[in-house]
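Structural features, examined
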Amino acid sequence: MFSNYLIGLREGLEASLVVCILIAYLVKTERRDALRPIWIGIVVAVLIAMGFGCALEFGSQEMTFEAQEALGGSLSILAVGLVTWMVFWMRRTARHLKSELHGKLDAALAMGTGALVATAFLAVGREGLETALFVWASVHAASDGTPRPLIGVGLGLATAVFLGWLFYRGALKINLAKFFTWTGAMLVVVAAGVLAYGFHDLQEADWIPGLTNQAFDISGTIPPDSWYGTLLKGVFNFQPDPTILQITVWLLYLIPTLTLFFVPVGFASGKGKVKTPDEQGSQPSKAPQA
């Protein structure tokens, strides 16, 4: 449940901040007439993301077991790729997100209503589709037959919407650079578990060999139905009897990705003073004011 809460919070907060920045900028520049097309684009993006998630869930139920596993494994790998790109992108651009969105909005205002709808739709729709795919993959991997994964996602999204509203009202100021750095790192850990489970799905679909080649089996020490086994499963997608391929994929993804993630921005290019993630976010972020 916690891992899915984290996904809902992390992904939902990005979308909430985008909405907050767009609306606050229009109000501040006295362009309230442009709010309606912005809301239309946002609503359409949310509806499409929800429809995409429903299509994944209900469409997969009509498939054979092997087809379900193949689809689940393939989409899990795709979801991990997208969320990894998103985590690195947000870490790099979090400090400049506001100015970037303002520039796009200025261009859209000059082009008319259709451009405003498209700007809001693209800004929120990308986050929505990524969230729907990764949530589906994570819930598929962590599902234990209870609604807890979906409850976790719902609570995370609700928290994100509330935090976005507080940002808009100017009641909340947090260091966004630090927030996205540390939640991004936790999301990488969650993604590693989803990726390993995705490869296990492909093994069950008989797309990849090695399903019977277990790396270890500690089911006696950590029973899957125990409270701590369920906790590890829900947070890290932990499996007490993984295959050798699962462990290999988990390690090959987690170690290099976390290492690159914590390499200071600017290190590779050698431009200017190298800053750590904490130093990058040393200045408090200011909420957009209406």
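Look a little higher up for the structure.
From a predicted model like this one, the values you see are computed outputs, not experimental measurements.

The rules behind the values
Residues numbered from 1 in each chain as written. Predicted model: local features only at pLDDT ≥ 70, side-chain atom pairs only at ≥ 80, totals over all residues. Heavy atoms only, no water. Helix = DSSP H or I, 4+ residues; strand = E, 2+ residues; numbered from the N terminus. Buried < 20%, exposed > 50% of the residue type's maximum accessible area, 1.4 Å probe, protein only. Contact = heavy atoms within 4.5 Å. Areas by Shrake-Rupley, 256 points an atom, 1.4 Å probe, with all protein chains shown as cover. Patch = residues over 30% accessible without salt bridge, like charges linked within 9 Å, V, L, I, M, F, W, Y side chains within 5 Å. Salt bridge = Lys/Arg side-chain N within 4 Å of Asp/Glu carboxyl O. Phe/Tyr/Trp six-rings, centres within 6.5 Å; stacked < 30°, edge-to-face > 60°. Core = buried A, V, L, I, M, F, W, Y, C linked by side-chain atoms within 4.5 Å.

1. Here's the deal with the overall build of the protein
A count of helical and extended segments in the protein gives ten helices and zero strands. In the protein, the order of α-helices and β-strands from amino to carboxyl end is α-α-α-α-α-α-α-α-α-α. Per-residue burial for the protein yields a buried fraction of 48% across its 290 residues. In the protein, of all internal contacts separated by at least 6 residues, the share reaching a separation of at least 24 is 82%. Looking at the protein as shown, the accessible area adds up to about 14500 Å², and 67% of this sits on carbon and sulfur atoms.

2. Focus: the environment of L245
Mapping L245 onto the fold places it in helix α9 (residues 244–261). Separated by 35 residues in the primary sequence, L245 and G210 have C-alpha atoms spaced 7.2 Å apart. Excluding residues that lie within four positions of it along the chain, L245 makes contacts with F199, Q203 and I208.

3. Section: a nonpolar patch on the surface
On the surface, I40, V44, I48, F52 and L129 cluster together into a nonpolar patch covering about 360 Å² of accessible area. For the nonpolar patch, the element with the most residues is helix α2 (residues 35–60), which contributes four residues. In this fold, V44 is placed in helix α2. Residue classification places V44 among the partly exposed residues on the basis of a relative accessible area of 35%.

4. Details of the packing of aromatic side chains
As enumerated under the stated definition, the model contains three aromatic pairs in all. For the ring pair F162 and W165, a centre distance of 6.3 Å and an interplane angle of 25° mean the geometry is stacked. You can see F162 and its partner W165 sitting in helix α6 (residues 148–169), three residues apart, about one turn around the helix. A residue is classified by how much of its surface remains accessible, and F162, at 47% relative accessible area, is partly exposed.

5. Brief notes about the environment of V80
When you line up the elements, V80 lands in helix α3 (residues 65–93). Residues V80 and L195, 115 residues apart in the sequence, show an inter-C-alpha distance of 6.3 Å. When neighbours within four sequence positions are excluded, V80 is seen to be in contact with F134, A191, V194, L195 and Y253.

6. Here we look at the nonpolar core
Nonpolar side chains tend toward joint burial in soluble globular proteins. Counting residues in hydrophobic clusters, the biggest one holds 36 residues, and the most contacted among them are L26, I38, L105 and L116. Looking at this core, the elements that each hand over two or more residues are α1 (2–28), α2, α3, α4 (97–111), α5 (113–142), α6 and α7 (176–204). Not counting chain neighbours up to four residues away, the residues in contact with L116 comprise A34, P37, I38, L105, A108 and L109.

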